[in-house]
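# Structural overview for review
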Amino acid sequence: MENVQTKKTVLVTGGTGFLGIHTVLQLLQQGYHVKTTLRSIAKKELIVKALKEGGVTDFSNLTLIEADLTSDRNWEEAVKGCEYVLHVASPFPAQDPKDEDELIIPARDGALRVLKASRDAGVKRVVLTSSFAAVGYSRDAKNHVFTEKDWTDLDAPLPAYIKSKTVAEKSAWEFIEKEGNGLELAVINPVGIFGPVIGGITSASLDIAVSGILNGSMDKTPPFTMGVVDVRDVADLHIKAMLYPEANGERFIATSDVVMSFYDVAELFKKERPQYTFEIKELEPISKEFYKAMSNQKAKTILNWIPRSHDEALLASADSLMGKS
Ligand code: NAP
């Protein structure tokens, strides 16, 4: 690992997002020079507020740049002088739009813009935030443990978000193979990301699976399970994938050891945080056949990654959203 004196410049795209802000925070805490992009500079105060809440007092190592995934403007400036680029930004709405291109185009073309600009600027490695959406959403899950070898099948009918993440990751690998010219790529495939909210920056995963359960708007258990991972561990895994030589050319599933239904999440909150449960509806358990098995061994073994438990991730979200942390 590098020491603080030799710390390099890293670009994190999407500093206004839940994962983006935690990644910026960890890099600053570790002494890196950090550049981050945001769609509108008007959101600058949001980033500053969140980082202050995370304990940052010196902002001299932080540079903010306005850039949108759907436009070429400023990407050359954003990657300039960077050793590493963590491409986190991608649209992640709580509900799929009617037109899937609203997600697919920024996800795919944004990733390609970031990769091209990185290659042309001599960046060493890009770490792309993909998703378990690009791993485990088309084949039969029965008797199968999903690993990084699995790919969601683009010929299957897919919801727009899942398709956008799969198309973007496939396009990124294709770019590296055909036009990368030595640029390195590693990919992180997170499951549902939870953990503490800083500066009020949430995401669709928290809005649906934590706020939705705590405020009672979730009144039935959807017939699926989700892996759960803490945002602090996903940020840590991005930094490990940026630094470990062995991460080049690899994808890594980011999950804790357990998958959960929304019923399980509600039961956890009722048991561990009875003071928050006044709005929680009675949810029904779902059949064990909906529980997907997945492995986090690759990240643990190759990158020495040690994720927090699913309980810790979800309770940290609940506590920060309820203003108790
Ligand atoms: P988030 O809080 O919604 O963050 C998304 C980020 O992408 C925001 O900074 C957003 O900027 C930015 N963005 C969206 N469209 C953009 C565009 N056209 N141009 C520039 N920036 C754009 O969600 P998140 O959970 O942190 O997601 C971060 C990454 O993790 C995404 O790639 C997502 O697919 C992936 N992921 C998330 C989960 C999860 O459960 N949360 C699971 C697996 C993978 P604005 O603030 O301007 O909207």
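These numbers come from a predicted model, not from an experiment. (Residues numbered from 1 in each chain as written. Predicted model: local features only at pLDDT ≥ 70, side-chain atom pairs only at ≥ 80, totals over all residues. Heavy atoms only, no water.)

### Thoughts on the overall build of the protein chain
Along the protein chain, the regular secondary structure elements total 10 helices and 12 strands. By the compact-globule yardstick of 20 Å for 325 residues, the protein chain fits well, its C-alpha radius of gyration being 19 Å. Overall, the protein chain is about 55 × 45 × 40 Å in size when its C-alpha atoms are taken along their principal axes. Across the 325 residues of the protein chain, 55% fall into the buried class. A fraction of 79% describes how many contacts in the protein chain between residues 6 or more apart in sequence connect residues 24 or more apart. Working note: accessible area of the protein chain is about 14500 Å², and carbon and sulfur atoms make up 49% of it. (Helix = DSSP H or I, 4+ residues; strand = E, 2+ residues; numbered from the N terminus. Rg over C-alpha atoms; globule rule 2.2 N^0.38 Å. Buried < 20%, exposed > 50% of the residue type's maximum accessible area, 1.4 Å probe, protein only. Contact = heavy atoms within 4.5 Å. Areas by Shrake-Rupley, 256 points an atom, 1.4 Å probe, with all protein chains shown as cover.)

### So, the site of the ligand
The local shell around the ligand holds 27 residues, among which Thr16, Arg39, Val88, Tyr161 and Lys165 are the closest. Between Ser90 and the ligand, the recorded distance is 3.2 Å, taken from a backbone N or O atom to an oxygen atom. When the ligand is considered free in solution it has 890 Å² of accessible area, and contact with the protein chains removes 90% of it. Among the secondary structure elements, those contributing two or more residues to the shell around the ligand are helix H1 (18-29), helix H5 (160-179) and strand E8 (192-194). When the residues that make up the shell around the ligand are grouped by side-chain class, the tally is 12 nonpolar, 11 polar and 4 charged. (Near = heavy atom within 4 Å. Polar contact = N/O pair within 3.5 Å; in protein donor to acceptor, adjacent residues only side chain to side chain. Nonpolar A, V, L, I, M, F, W, Y, C, P; charged D, E, K, R; others polar.)

### Topic: empty space enclosed by the protein
For the structure on display, the rule yields 1 cavity of 30 Å³ or more. Here the largest cavity is characterised by a volume of approximately 50 Å³. Lining the largest cavity, in full, are His87, Ala89, Ser90, Ala107, Ala111, Leu128, Thr129, Ser130, Lys165, Ala168 and Glu169. For the lining of the largest cavity, the elements supplying multiple residues, two or more each, are helix H4 (101-121), strand E5 (125-129) and H5. Among the elements that line the lining of the largest cavity, the one with the most residues is H5, at 3 residues. Counted by class, the lining of the largest cavity contains 5 nonpolar, 4 polar and 2 charged residues. (1 Å grid on protein atoms, 1.4 Å probe; cavity = no way out; pocket = protein on both sides within 12 Å on 5 of 7 lines; lining within 4 Å. Points joined across faces, edges and corners; volume = space filled by probe spheres on them.)

### Focus on the packing of helix H6 (residues 204-214) against helix H8 (residues 262-272)
The contact between H6 and H8 brings their axes to 10 Å, and the two run at 50°. The angle between H6 and H8 places the two elements in the oblique class. In this structure, the crossing between H6 and H8 has a hand that is right-handed. Packed against H6, whose contacting residues are Ile208, Ala209, Val210, Ile213 and Leu214, the element H8 presents Phe262, Val265, Ala266 and Phe269 at the interface. Of the residues assigned to the contact of H6 with H8, the class counts are 9 nonpolar, no polar and no charged. (Axes fitted to C-alpha atoms, helices over the stretch in contact; angles between N-to-C directions. Parallel < 35°, antiparallel > 145°, perpendicular 65-115°, else oblique. Left-handed = near helix turned anticlockwise from the far one by under 90°.)

### Some words on the UniProt feature "domain: NAD-dependent epimerase/dehydratase" (unreviewed entry) in the protein chain
In the numbering adopted here, UniProt assigns the feature "domain: NAD-dependent epimerase/dehydratase" (unreviewed entry) to residues 10-248. With 38% helix and 17% strand, residues 10-248 has end C-alpha atoms that lie 17 Å from one another. (UniProt positions renumbered as here; feature names shortened; annotations may be inferred.)

### Let's talk about the side chain of Asp230
Residue placement: Asp230 occurs in strand E9 (residues 226-230). A distance of 2.7 Å separates polar atoms of two side chains, one belonging to Asp230 and the other to Arg232. Setting aside chain neighbours within four positions, we find Asp230 in contact with Ile193, Phe194, Gly195, Pro196, Arg308, Glu312 and Ala313.

### Focus on the sheet that holds strand E3 (residues 62-66)
Pairing is parallel across the open sheet formed by 7 strands, whose spatial order is E3-E2-E1-E4-E5-E7-E10. Here the strands that pair on one side only, and so sit at the sheet edges, are E3 and strand E10 (251-254). Neighbour to neighbour, the strand axes of the sheet diverge by 20° on average, direction disregarded. Judged from the 5 bridges that link them, E5 and strand E7 (residues 184-190) form a sheet pairing that is parallel. Residue Arg125 lies in a different strand from E7, and its bridge partner there is Glu184. Its contacts with the sheet place H1 against strand E1 (9-13), strand E2 (33-38), E3, strand E4 (84-87) and E5, and it is angled at close to 165° to E1. (Pairing = 2+ DSSP bridges.)

### Quick look at the nonpolar core
Membership of the largest hydrophobic core comes to 75 residues, with the highest contact counts inside it found for Leu27, Leu51, Phe194, Met242, Phe269 and Leu314. Top contributing element to this core by residue count: helix H7 (residues 231-243), with 8 residues. Once residues lying within four places of it in the same chain are set aside, the contact partners of Met242 are Val10, Leu27, Tyr32, Tyr84, Leu86, Arg125 and Val127. By size, the runner-up hydrophobic cluster in this structure holds 25 residues, among which are Ala111, Leu112, Val114 and Ala172. (Core = buried A, V, L, I, M, F, W, Y, C linked by side-chain atoms within 4.5 Å.)

### Here's the deal with the environment of Thr202
Note that Thr202 resides in the loop between E8 and H6. What makes Thr202 partly exposed here is its relative accessible area of 29%. Separated by 186 residues in sequence, Thr202 and Thr16 have C-alpha atoms that sit 9.5 Å apart. Those residues in contact with Thr202 that lie beyond four places of it in its chain are Phe18, Val197, Asp207 and Leu321. There is a polar contact of 3.0 Å between the side chain of Thr202 and the side chain of Asp207.

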